[in-house]
Amino acid sequence: MVSKRFSVLLALVPCIPAFAEDTLGVREGLHFSLESRATNIDGSIPIYKNPKASIEDRVNDLLPRMTIQEKVSQIIQGDLNGWMNLNDPLDDTLTYNATGLVQMMAQKGGSIWAGYLTPYDKFVYGVTIGQKYLMENTTLGIPALIQSEGLHGFTNKGTTFPSPIGLASSFNTELVSQVANIIASEAEGLGINHIFAPVLDLSRELRWGRVEENFGEDPFLTGEIGNAYVTGLQSGRRRNASQTAIARVAATCKHFAAFGSPQGGLNIAQVSGGERELRTMFLRPFNRACVNSLAIMTAYSAYDGVPAIANSHLLTSILRKEWGYKYWVTTDAGSVDLLINQHGLCTTRECAAKIAIESGLQGEMGGGTYTYETLPAQVQAGTVDVKYIDTTVAAMLRTKFSLGLFENPYPYSDYLSTIRTPASRVVLAQAETESIVLLENHGNTLPLSKNIGSIALIGPQANRVSFGDYVFFNASLAGISPLDGFKQYITNNSLSTKINFAQGCELWSNDQSGFSEAVEAAKSSDVAVVMVGTWSLDQTLLWTPGTNATTGEHVDLSDLGLVGAQLALVQAVKAVGKPTVVVFVSGKPVAEPWIQANADAVIQQFYPGELGGVAIAEIIFGAVNPSGIFLSLSVHNSDVDSSPFPGKLSVSFPRSVGTTPVFYNYLKGSRPIDAGMILPNGTLKFGHQYVLDSPVPLWSFGHGLSYTTFSYSNLHLSPSTISTTQNFTVSVTVKNTGSVAGKEVVQVYMTDDVASVVTPNQQLIGFEKVNIPVGQSVTVSIPVSSSQLQVWSSSNAWAVEPGTFTIKVGTSDQTFATTKLTVQ
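Keep in mind that what you see is a predicted model, and the values were worked out from it rather than measured. In this numbering scheme, every chain counts its residues from 1 along its sequence in written order. pLDDT decides what is reported in this predicted model: residues at 70 or higher carry local features, side-chain atom pairs at 80 or more are listed and counted, and totals for whole chains, interfaces and linings draw on all residues regardless. Neither water nor hydrogens contribute to the side-chain values; these are computed over all heavy atoms in the structure.

A. Geometry of helix α2 (residues 55–62). Three labels apply to residues, based on accessible area from a 1.4 Å probe with only protein chains included: buried if under 20% of the type maximum, exposed if over 50%, partly exposed otherwise in between. Strands here mean DSSP runs of E at least two residues long; helices mean DSSP runs of H or I at least four residues long; both are numbered from the N terminus. Within the sequence span of α2, burial applies to I55, R58, V59, D61 and L62. In a view along the axis of α2, the buried residues occupy a sector of 165 degrees, so they form one face of it. Contacts are assigned to residue pairs that have any heavy atoms within 4.5 Å of one another. The elements touched by buried residues of α2 are α15 (386–403). Think of it as the arc spanned by the lines of direction from the helix axis to the C-beta atoms.

B. Local environment of the packing of helix α17 (residues 482–492) against helix α21 (residues 612–621). To obtain each axis, a line is fitted to C-alpha atoms, and for helices this fit is confined to the stretch in contact; angles are then taken between N-to-C directions over 0 to 180 degrees. Running from amino to carboxyl end, α17 crosses α21 at an angle of 55 degrees, the nearest separation of the two axes being 7 Å. It follows from the interaxial angle that α17 and α21 lie oblique. As for the relative orientation of α17 and α21, their crossing is right-handed in sense. Each of P482, G485, F486, Q488 and Y489 in α17 lies in contact with α21, whose residues at this interface are G613, V614, I616, A617, E618, I620 and F621. Just so you know the grouping, Ala, Val, Leu, Ile, Met, Phe, Trp, Tyr, Cys and Pro go in nonpolar, Asp, Glu, Lys and Arg go in charged, and all remaining residues, Gly too, go in polar. Looking at the contact of α17 with α21 residue by residue, the class counts come to eight nonpolar, three polar and one charged. An angle counts as roughly parallel when it lies under 35 degrees, as roughly antiparallel when it exceeds 145, as roughly perpendicular when it falls between 65 and 115, and as oblique in every other case. Each crossing gets its hand from how the near helix is turned against the far one by less than a right angle, where anticlockwise is left-handed and clockwise is right-handed.

C. Broad picture of the sheet that holds strand β10 (residues 437–441). Strand pairing follows a simple DSSP-based rule, namely that at least 2 bridges must link the two strands. In space, the six strands of this open sheet follow the order β10-β15-β14-β13-β11-β12, with mixed pairing throughout. Sheet topology places β10 and β12 (498–502) at the edges, where each strand pairs with a single neighbour. Taken over all neighbouring pairs, the strand axes of this sheet differ in orientation by 20 degrees on average, direction set aside. The pairing of strand β13 (residues 527–533) with strand β14 (residues 580–586) spans six bridges and is parallel. Bridged to V532 within β14 is F584. Along the sheet face, helix α19 (residues 566–574) touches β11 (454–458), β13 and β14 and points at about 175 degrees away from the line of β13.

D. Examining the nonpolar core more closely. As used here, the term nonpolar core means buried Ala, Val, Leu, Ile, Met, Phe, Trp, Tyr and Cys residues forming a set that is joined through side-chain atoms within 4.5 Å. Formed by 136 residues in total, the largest nonpolar core has its most connected members in W83 and F256. Apart from residues no more than four positions distant in its own chain, F256 is found in contact with L283, F286, I296, M297, T298, A299, A308, L314, L315, L319 and W323. Formed by 44 residues, the second largest nonpolar core is a distinct cluster that contains W208, C505, V532 and V651.

E. Helix α13 (residues 349–360), seen in detail. To estimate the expected span of a helix, subtract one from its residue number and multiply by 1.5 Å. The end-to-end C-alpha distance of α13 is 16 Å, a good match for the 16 Å that twelve residues give at a rise of 1.5 Å each. Buried within α13 we find A352, A353, A356, I357, S359 and G360. Buried-residue contacts for α13 involve α11 (312–322), α12 (335–341), α14 (375–381) and α15. Remark: L361 follows α13 within two positions and exhibits a positive phi of approximately 45 degrees.

Rendered as structure tokens:
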């Protein structure tokens, strides 16, 4: 290992020797020799080193100077652990392996995985070592992308926000942009310039373990929230970067495409569908959010029998040619090897590499056998055309120049100044409250009065910090549990309320031995709050044999009901006779009709962030103002100052796993309803759709109650008759008819009345969140693009077809007002 005084030693590390027998594909006429390619024959500075030159000119100047080995190194992912010893997360020794550094950069130097739990100073040291070697000790001086995760917070011990499915339930694009901006700020200072997020898969298959990572079931909402995330993450410019740089951190839209709806809900299983469903549903969010993202990650799965990474129609014809996407595309970890060991398209690494590069113009992430290492020999043998490699490398270079990395790829000396700041805490607090959804509130059970004497806080989620997946080991230590959140609220507001806590049961057990304690807690309290749900684990424990979870990557479910004794616990507490509030803390919908029918109030808290425990306490007491920032107020049911429930469901809740899929935007005629049921006394009432159940969701997309009420009037379109290329505006007046101020998410849906192909029964085409004081009205105007009316026609082309369209405001299962749009 090499000591901290590395600058002199780095200069002594030899550059990777070039092969003397030929130029290895480097274009002649630009330089004297392979060793002097960073200069021009006339002594001028190469265009690629000129920060004032255009990005395209710099790419076109640098690419011909590269050897085939250097090109391939650019498109294989390397690893920070290749020169740093990162096996012990507590070790802070500032040393590196010089041999490992040289080897890593020669073979896999284009992008470096750096998602490691390690002290910040050691991390910064390792990144600086790597970038300094590339910039100063290689011939061309090409910096690396430094990569980590940022699905719902910067994973390298940054701020943890609510999971994406919760963030989408905020229906607040500005808020999501602020969240992403914080993720970028926390990553940027440490030298990380490439984040693997957002996920734009649709939550149409709820058994899939990764539902929590998505923005919900709807392509429009997913596209809008995804675009907000990409914009927030990429906006700005790195310090001392070129003026042509357009972003400071690269977002990575994933998983391209149709990954989140696998057969049987089984991770990486096949996805069935045709071109119309691909275009109408799965590709729309990517087209909206990702054409300007600096990176895209492909999917593991096969769609309609073609693996995503081998799908030239998807990756070349649509993405590159039709959409004009010009930036970096990478496979997911180990994807290329799946062509051999899962999909059965190849028997050799050479075959897999050839198919992936030629079909997808994509790089190879680690996690497999590094099939791309075969590419130089295949080019020399004539089995792979170097043009595919050149196009892929050009995309990588374009992303790097767009980030300004050639001017400054290094961490900042003041990196601690942007991590976990007070300003970030304010955004976190708002994200926590706006992500929570009130599903039921019978008899105005909520909010609780400030004068309530005692609360029974019960359940396996009550004294637990439940983050979603893609967080570091022990990240939950930074969070606040609901039990601590309630105690904090009571103390801060000088209340005399007593908390009677009883866990009752474990999340993962049928053991009911703790029920008696929970029942006694409920009996001795004025109200019972029972917190149950699913659970995920951090990225260490999730993949550790012997651990358990019910959501997360590679954790798929055959049943969407509560696991173990949880439902029985709710039933036992409810039987006491006290008002019972059920809080689902989960990464996906929980299918429990009994709770919907019997609980006095139901709240959905998708996996929260670090302030989740505080947020749920403030929500239940009703002490949050319309901005989502907590107030130090004591409130009654009768004098709540504002409604803290601006959240709406980003995904529908089925009655059981057998009634899935349950997404709201099904094709016309696809959900006949002749429901049967099992009555509470056990009597069987038979129907047909379904014999003993109903395809109608428990709670549908867009649903969410408030502590106040709203009325809608004066819906009109401007204009109400348009051409096939003309946009229009939907305007409606919304009045707060309740007793407290509140936020409302105004949702606009469209139905194509008559079309040349079968279209969805309804589609979300616009939304806006507005704050409305008590007794006041606001007129909300929502612009709609004519492209939202398009169908993928029977002639396999997008078309806005003349005819009438029903425009409504409401939720997916409620209509507040309707009108007609005419297209001619």
